[in-house]
Amino acid sequence: MTHRFLLDNDGSNLFYNLTDDVERDIEEAARECPAEVTTYLLCAGAGTFYYPTHVGEVVPNAPPLFTAHQRGLDPLGLMLRALRRAGKEVFLTYRMNDVHNPDAPDQWNTSRFKREHPDAIVDPRAVREKHADWMCYCLDYSREDVQDYILATMRELVDLYGGEGLLDGIQ
C-alpha cells in the first residue's frame, strides 16, 4: 500500500516574511519540507492573493511580497518550481470564502470585487444593519458575477502555473 503525506501551507508564514533574498528564502522553505511529505498544498490566497494577479489583487498587508512583485519576482511561482525540483506533488489551495476580519478598516482580506459589489455576499442586509455574523460576508455563489470572478481567478492561476507543469491540481 502506498501512502501519501500531505503538507498544507496557507502561505502567510512564507510570503509575509520574505527578505531581500527572495530566491534564498524560497529555496530554504522548500528544503525545510520533510522528505516524507509527498504532496504539498500551497495557498494562492483567500480574498486577496499571493501571486501577481491581474484579475484580483495582491495581499495589501504583505510589503515583502509586494516588493518582490515590483522587482519582477513571483515568490509563489518560485516556490512551486522549488517544490517540483524536490519531487513533490503540488496543489494550489484556494479558499473559496475566506472571511477573516471582513470589516477590518484596512480590508486586508477583502477583494476589490467584494468592495465593488457589496450586494454579492450572502446577507448584505445584515451587514448594512450591523447585525451580521461572519457567514453573512461570504460570497454568494448563486450569483453569476461571483461565479465569473472566481472562475477568472482560477483560470489565471492555471494559465500562470499549469502550462509549466507546476500543478497537479487546485484544491
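Overview of the structure. (Residues numbered from 1 in each chain as written. Predicted model: local features only at pLDDT ≥ 70, side-chain atom pairs only at ≥ 80, totals over all residues. Heavy atoms only, no water.)

1. So, the pairing of strand S2 (residues 39–43)
In summary, the side chains of a regular strand alternate between the two faces of the sheet.
Item 1. Within S2, five of the five residues are buried, which leaves the element mostly enclosed by the surrounding structure.
Item 2. The alternating pattern of S2 places Thr39, Leu41 and Cys43 and Tyr40 and Leu42 on opposite faces, both of which are buried.
Item 3. Here strand S1 (residues 6–9) runs beside S2; their pairing, made up of four bridges, is parallel. Paired with leucine 7 across the bridge in S2 is tyrosine 40. (Buried < 20%, exposed > 50% of the residue type's maximum accessible area, 1.4 Å probe, protein only. Helix = DSSP H or I, 4+ residues; strand = E, 2+ residues; numbered from the N terminus. Pairing = 2+ DSSP bridges.)

2. So, unusual backbone geometry
Outside of glycine, negative phi angles account for most residues, and trans bonds account for most peptide bonds.
Item 1. Backbone geometry at asparagine 101 places phi at a positive 50 degrees, although glycine is not the residue there.
Item 2. Secondary-structure assignment places asparagine 101 in the loop between strand S3 (89–93) and helix H5 (112–116).
Item 3. With a phi close to 60 degrees, lysine 130 is a non-glycine residue in the positive phi region.
Item 4. Looking at the secondary structure, you find lysine 130 in the loop between helix H6 (124–128) and helix H7 (144–162).
Item 5. Exposure remark for lysine 130: the relative accessible area of 74% places this residue in the exposed category.

3. Some details on the packing of helix H2 (residues 22–31) against helix H4 (residues 75–85)
A pair of packed helices is captured by two measures, namely the crossing angle of their axes and the spacing between those axes.
Item 1. Between H2 and H4, the least distance of the axes is 9 Å, while the angle of their chain directions is 40 degrees. Comparing their axes, H4 and H2 come out oblique. As H2 packs across H4, the resulting crossing turns out to be right-handed. Two secondary-structure elements touch here, H2 through Val22, Glu23, Ile26, Glu27, Ala29 and Ala30 and H4 through Pro75, Leu78, Met79, Ala82, Leu83 and Arg85. (Axes fitted to C-alpha atoms, helices over the stretch in contact; angles between N-to-C directions. Parallel < 35°, antiparallel > 145°, perpendicular 65-115°, else oblique. Left-handed = near helix turned anticlockwise from the far one by under 90°. Contact = heavy atoms within 4.5 Å.)

4. Brief notes about the nonpolar core
Item 1. Counting 40 residues, the largest nonpolar core has Leu42, Leu76, Met79, Leu80, Leu92 and Tyr161 as the members making the most contacts within it.
Item 2. Those elements that place two or more of their residues in this core are helix H1 (12–15), H2, S2, helix H3 (63–70), H4, S3 and H7.
Item 3. Setting aside its immediate chain neighbours within four residues, leucine 76 contacts Phe15, Leu42, Cys43, Ala44, Tyr50, Tyr51, Leu92 and Tyr161. (Core = buried A, V, L, I, M, F, W, Y, C linked by side-chain atoms within 4.5 Å.)

5. So, the pattern of salt bridges
Item 1. Under the definition given, this model contains twelve salt bridges.
Item 2. A salt bridge links aspartate 21 to arginine 24; the shortest N-O distance between them is 3.8 Å.
Item 3. Take aspartate 21: its relative accessible area is 32%, and that puts it in the partly exposed class.
Item 4. Between arginine 85 and glutamate 27 there is a salt bridge, with its nearest N and O atoms 2.3 Å apart. Of the two residues, arginine 85 sits in helix H4 while glutamate 27 sits in helix H2, which places them 58 residues apart along the sequence.
Item 5. The exposure class assigned to arginine 85 is exposed, which follows from its relative accessible area of 57%.
Item 6. Of the residues examined, glutamate 27 reaches a relative accessible area of 32% and is grouped as partly exposed.
Item 7. Connected via shared salt-bridge partners are Asp10, Arg95 and Asp98. (Salt bridge = Lys/Arg side-chain N within 4 Å of Asp/Glu carboxyl O.)

6. Some details on the packing of aromatic side chains
Item 1. Considering all chains together, one arrives at six aromatic pairs under this definition.
Item 2. Between phenylalanine 49 and tyrosine 51, the ring centres sit 5.4 Å apart and the planes meet at 55 degrees, which makes this aromatic pair tilted.
Item 3. With a centroid separation of 6.5 Å and 80 degrees between ring planes, the pair formed by tyrosine 51 and tyrosine 161 is classed as edge-to-face. Note that tyrosine 51 is positioned in the loop between S2 and H3 and tyrosine 161 in helix H7, a separation of 110 residues in sequence. (Phe/Tyr/Trp six-rings, centres within 6.5 Å; stacked < 30°, edge-to-face > 60°.)

7. Quick word on the sheet that holds S1
Item 1. Strands sit in the order S1-S2-S3-S4 across an open sheet of four strands; the sheet is parallel. Edge strands, defined here as strands with exactly one partner in the open sheet, are S1 and strand S4 (169–170).
Item 2. In this sheet, S3 lies alongside S2 in parallel orientation, the contact comprising five bridges. Paired with threonine 39 across the strands is glutamate 89, a residue of S3.

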